[in-house]
Structures are given as structure tokens and as C-alpha cells.
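Coordinates in review
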Amino acid sequence: MATNDQHVDCSRATWRKSTRSSGNGECVEIATSAETVAIRDSKDPDGPKLTITRPAWAAFIHRVKDGRSGL
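Computed from a predicted structure; not experimentally measured. (Residues numbered from 1 in each chain as written. Predicted model: local features only at pLDDT ≥ 70, side-chain atom pairs only at ≥ 80, totals over all residues. Heavy atoms only, no water.)

In this section: the side chain of Thr-36. By the secondary structure assignment, Thr-36 is in strand S4 (residues 36–41). Accessibility expressed as a relative area gives 16% for Thr-36, which makes it buried. With sequence-adjacent residues up to four places away left out, Thr-36 is seen in contact with Val-8, Ala-31, Ile-52, Thr-53 and Arg-54. (Helix = DSSP H or I, 4+ residues; strand = E, 2+ residues; numbered from the N terminus. Buried < 20%, exposed > 50% of the residue type's maximum accessible area, 1.4 Å probe, protein only. Contact = heavy atoms within 4.5 Å.)

Structure below.
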């Protein structure tokens, strides 16, 4: 489930890129908390953030690893 980023304070979040990032600027970054995972475009760190629940993030990662992401 996605949540509205206006209700999640990301001001002190620690953002990280995937270790598989190629460094070409086409990356997303994530920051985690106890309840949520926030996702942002690395080229626009002050732009919008998508926040989802940790179970939704885990399900997404599982689908990507299984090749079922639909991307």
C-alpha cells in the first residue's frame, strides 16, 4: 500500500542507492523506517517521495527477484 508522502517526515532520513546502481544518474534511492520505505528519484532529492509499507516493499522485492515485477 502506498501512503501520502505529505504525512511522512523524510527530513532526517538516511537515503541509499542500490549497490547495483551503475552511477549513470538513472537511480532511485530508498530510506527505511520501522513502518515504511520511502522512495525518491536520485536526480531530484527535494522532489516527491513515494512511501509504502514495509510488507508492500518486501512483496515488491520478492516479485522483482522472481522476475514477476511486470516492469
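Read on for the rest.
Relative to the 16 Å expected for 12 residues at 1.5 Å per residue, helix H1 (residues 54–65) spans 16 Å between its end C-alpha atoms, a close match to the ideal helical length. Just downstream of H1, Gly-67 is the residue with a positive phi angle, here 75 degrees. (Expected span 1.5 Å × (residues − 1).)

Another aspect to go through is the pairing of S4. In terms of residue burial, S4 counts as a mostly covered element, since 5 of its 6 residues are buried. In textbook terms, the turn of a hairpin is the stretch between consecutive antiparallel strands, and for strand S3 (residues 28–32) and S4 this stretch comprises 3 residues. Two strands pair when backbone bridges link them, and S4 and strand S5 (residues 50–53) are joined in this way by 4 bridges, in the antiparallel orientation. Looking across to S5, one finds that Thr-36 is bridged to Thr-53. (Pairing = 2+ DSSP bridges.)

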